[in-house]
Structures are given as structure tokens and as C-alpha cells.
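Descriptive structure summary
The residues making up each chain are set out below.
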Amino acid sequence: MRALKTLAGLVPALMIGVSTGASAQTAEVLHWWTSGGESAALGKVRAAYTAKGGTWKDTPIAGGGNARAAVVNRMIGGKPPTVFMFSIGKQLDELAEQGLVGDVNDVAVAGKWDAVLPPLIAQVSKRDGKYIAAPINIHGENWMFYNTAALKKAGVEVPKTWPDFLKAAKTLKAAGITPIALGGEPWQERILFNSVLLGVGGRDHYAKVYGQLDEAAMKSDTMLEVFKTVAALREFVDEGSPGRKWNIAANMMMKGTAAFQFMGDWAKGELVAAGIEPGTTVGCALAPAKDKGYIMTVDAFAFSNVKDKAGRDAQKLMASVIMDPAVQVAFNKQKGSIPVRTDVTDASFDVCAKLAMETLKDTKAQLASSGLFGLPSSVSGAIDDAISNYWNNRSLTPEQGRDLFIKAIASAK
Ligand code: GAL
């Protein structure tokens, strides 16, 4: 997304052409939901869109970063996808700032979205008072999934604090079980790091660091404790981690070749796709923490700034399908997330989703991901790079890691 500022700045928004849909309500949908769970979940939306007479042209691109770059390139090239999957927040705003995004406000007003969406999410889905995205879920990033048989085999309990986790990891390693299944990509390393930051520092500390980019909070002893804890985790990941995809790591945990995975609850979508009831052979808990916090990322469908009626009609139909309560239930049960509509009951959701809904009732627990939601792409990318550098360079001390983090943010602001 950092490329956006340079690329799109060169191209006046009037370059936006007609959407690639051939006939009325044909929507080309560009997305990065390519894992088993993700594509099964998207299939629920596709089925609903088709049932309403729409034609769905699927453009899957593996990897969030690749898909987001592809969206920008298609827009710049004047052949935008009708609809693209994104996550709401600052990085979608950057596209809108460049005039690359249309609105679906007519559908939102007719569907009374303001009345059914959490206020923060409604606000972040709008620009200049108009809905530029149709949000579909709330994912939590600070989840800890664990293989119950692996823990039993090593005789360890589900850890409640990070010091407990380190003890459990030592025991697991001695029992020949990889303690942590991790995909060695910056965004995955950041998710693990942020679970430690929230867990060790607490939700107020998390909000100061990522909500206010508060230097005093970053320079604090608390932050040093975070870096020390992260350093202690390095030895509990297997050598095959670098470059591993998140869903491959999820499979390791599901099979028990690794005990834990710290990942967003889209990992739960892989359990569902594999026929595993969350909370049985694989358990879920929020990552060890000193207080209740939920690091949210909200997936949405956004709409290229197309001018042709066919494209606009397809976008309006898609927006209404996304907000349909039945679609929100079917999609979220498969995706591992929870519905973004507050009027969808949790009766049919699994134990993990019920914990998510319960946690989010406390507005102080509602935290923004440092990924696509809460920060501009330049700062978010600098944070991921600094964390990845620290994680992978074992010669860096916690003090050096903290300095790297602070400098990266300062230079990206
Ligand atoms: C996130 C997205 C999730 C999941 C994950 C891994 O950005 O919000 O829905 O797709 O990427 O692909």
C-alpha cells in the first residue's frame, strides 16, 4: 500500500474506467481468501449473490499484500475490479483519498446500517459521511489456538500468563513437540508480537502505543518487558517457519505436530473446513493477558469508483447481500469471525465466537489492529518490518529491538 502514494498520485481519478462486469449485476470480485476456510466462507457470499440474480466473476489472489497491490494496479490501469475485499480503516481511506473508491450509501441508508453496526465500525466504514465499504465481520487477532492432545501428552495446562506460557513451551520442547506453529512472514510475526504487547502491557498500554503512537509508552520499562518476552519465544518455533503460510501453520497445530498457534480467528475457519468443532481437539483462548482486550480487524467489501450503470448496479446488489443477516451468519460461522451486525444472535456460534462476543461487550476491550485498521500503511508497514527484523535477528537485544521499533515509527510518521 505504500506504493499507492507514489503510483496513484500520478494518475488523475478520471482514469477510473468501467468495471469489467460484462452484463447487469456482473461483479468481478478481487480478494485474498484462498485458504480452505476462507474460500468456503466466501462461497456463502457468492451463493447468496448468485441467488439474487448476480453473476460473480472470481479473482482470487493469494496473500493480503499481493491482493491489495493488485487492486491498486488494476485501478491505476483503468480496469478496476467491480468489488474488492479489503479491511476497513486507514489503508482503505488512502485509496478513497485518491478518488479510487465509490460509495454504497444509498444501500446503507435504505438498509439502516447505522442502526445495526457498532458505532466505531460504522464510522470507520464511512468517508465524508458516506459508506465506502460494506463490513461483513469482526476478526480478533489475539487468539491462542492449541492442540489439546499435545498439551495432555506433555502434561501442560492452558497458560494464563506469558511466564506460564514460557514454562509450558519449555516442557513441550523437552517432550519433542514444537511449542509454537508460526508462519515466518512479517504480518504473522507482528500478530504474535502484538499478542505479547497486549498481554504483558495491558490494553491501555496497547492503546497508547498504537492509538497514540505515544513515545513515552514505547520507551517504558513495560515495553522493554514486551521485547524481553518476545525474545524468549524465539527458541520455541521450528526451523521451517520462515515463509510458511498461516494456514500451513494452522494445520501443524491441528495435527498436533505443534502445540500452539497465535493467530487471528480466521485460523478457526480452517478447523471448521476440516470438520473440527472448535473447543474439542483444538481449543481456543485469548492469548495470555493481564486484562481483557480484543485486537479487531474488520473485513469488508469495497467498491471501485466505476461510472457505468452495470457496474454500479452490481455493487449495490453486492452491498445489500453482504449486510443480509443470513449471509452474515453463514459466512462468519465458516470464516471463524463474528458478524458485524449487532442484531445477529450468537445461539448457533461456537464457544470461541461466544467468547469473542462476550469480550466485545466491554467497549474498553475494543482495540484496533495495527495492520489495516488503525494506522496508515507507511506506519503499519514500518512496524511490521521492525518487528520482523527483531524476531529474525537473534543477536538484537530487547533494548535494541525497542529502539528499532521506536525509530521505525518515528521515521514513518
Ligand atoms: C486478514 C483478513 C482475514 C484473513 C487473513 C489471512 O487481513 O482480515 O480475513 O484473510 O488476512 O489471510
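Residues numbered from 1 in each chain as written. Predicted model: local features only at pLDDT ≥ 70, side-chain atom pairs only at ≥ 80, totals over all residues. Heavy atoms only, no water.

Across the five residues that make up strand β3 (residues 83-87), a large majority, five, are buried. Both strand β1 (residues 26-31) and β3 contribute to a ladder of two bridges, which runs parallel. For V29, the partnering residue across the bridge sits in β3 and is V83. As paired strands, β3 and strand β13 (residues 299-303) are joined by five bridges and run antiparallel to one another. The residue bridging S87 from the neighbouring strand is D299, located in β13. (Buried < 20%, exposed > 50% of the residue type's maximum accessible area, 1.4 Å probe, protein only. Helix = DSSP H or I, 4+ residues; strand = E, 2+ residues; numbered from the N terminus. Pairing = 2+ DSSP bridges.)

According to the domain assignment, the chain consists of domain 1 (4-139 + 297-366) and domain 2 (143-292 + 376-412). With centres defined by C-alpha atoms, the gap from domain 1 to domain 2 works out at 28 Å. Contact residues are listed per partner, giving 24 residues for domain 1 and 20 residues for domain 2. Interface area, domain 1 with domain 2, both sides summed: about 1,800 Å², of which 58% is carbon and sulfur. If you look at where domain 1 meets domain 2, you find two salt bridges. Among the ionic pairs, D350 bridges to K268, the shortest N-O distance being 2.8 Å. For the pair domain 1 and domain 2, the number of links is eight residue pairs in polar contact (both at pLDDT 80 or more). Elements represented by at least two residues in the side of domain 1 that touches domain 2 include exactly α2 (36-51), α4 (90-97), α17 (325-335) and α18 (351-360). Among the elements that make up the side of domain 1 that touches domain 2, the one with the highest residue count is α18 (six residues). Residues that form the side of domain 1 that touches domain 2 fall into these classes: six nonpolar, ten polar and eight charged. (Domains from an automatic or database assignment. Contact = heavy atoms within 4.5 Å. Buried area = accessible area lost by both parts, 1.4 Å probe. Salt bridge = Lys/Arg side-chain N within 4 Å of Asp/Glu carboxyl O. Polar contact = N/O pair within 3.5 Å; in protein donor to acceptor, adjacent residues only side chain to side chain. Nonpolar A, V, L, I, M, F, W, Y, C, P; charged D, E, K, R; others polar.)

Moving on: the sheet that holds strand β12 (residues 294-297). Backbone-to-backbone hydrogen bonds join strands into a sheet, with any given pair of strands oriented parallel or antiparallel. Sheet architecture is open: four strands sit in the order β14-β7-β12-β15, paired in mixed fashion. At either end of the open sheet lies a strand with only one pairing partner, and these are β14 (338-339) and β15 (366-368). Of the strand pairs in this sheet, strand β7 (residues 137-140) and β12 are connected by two bridges, and their pairing is antiparallel. Looking at the pairing, H139 lines up with T297 of β12.

Read across the sheet, four strands follow the order β9-β10-β8-β11 without closing on themselves; strand pairing throughout is mixed. At either margin of the open sheet sits one strand with a lone partner, and together these are β9 (178-180) and β11 (282-286). Taking the axes of each pair of neighbouring strands and ignoring which way they run, one obtains an average angle of 20° across the sheet. As judged from the four bridges shared by strand β8 (residues 143-147) and strand β10 (residues 258-263), these two strands associate in the antiparallel manner. Considered in β10, the bridge of W143 is made with M263. Sitting on the sheet, helix α14 (residues 246-255) is in contact with β8, β10 and β11, with an inclination near 140° to β10. (Axes fitted to C-alpha atoms, helices over the stretch in contact; angles between N-to-C directions.)

By the element assignment, N194 lies in helix α10 (residues 186-201). Polar side-chain contacts of N194 include one of 2.6 Å to the side chain of Y210. With near-sequence residues (within four places) excluded, N194 lies in contact with Y206, Y210, I295, S370 and I387.

Moving on to the packing of aromatic side chains. Applying the stated criterion across every chain yields a total of 20 aromatic pairs. When the ring of W162 is compared with that of F165, the centres are 5.5 Å apart and the planes differ by 65°; the resulting orientation is edge-to-face. Taken together, the residues W162 and F165, both in helix α9 (residues 162-174) and three residues apart, mark about one turn of the helix. A relative accessible area of 3% places W162 in the buried class. Arranged with centres 5.1 Å apart and planes meeting at 35°, the rings of W162 and F262 form a pair that is tilted. Here F262 lies in strand β10 and W162 lies in helix α9, a separation of 100 residues in the sequence. Each of the two residues, W162 as well as F262, counts as buried. Put simply, the rings of F193, Y206, Y210, F227, Y390 and F405 pair up and form one aromatic cluster. Cation over ring: R68 sits above W32, and NZ or CZ is 4.9 Å from the ring centre. Stacked on the ring of Y390, the Lys or Arg R234 has its end atom at 4.3 Å from the ring centre. (Phe/Tyr/Trp six-rings, centres within 6.5 Å; stacked < 30°, edge-to-face > 60°. Lys NZ or Arg CZ within 6 Å of the ring centre and 35° of its normal.)

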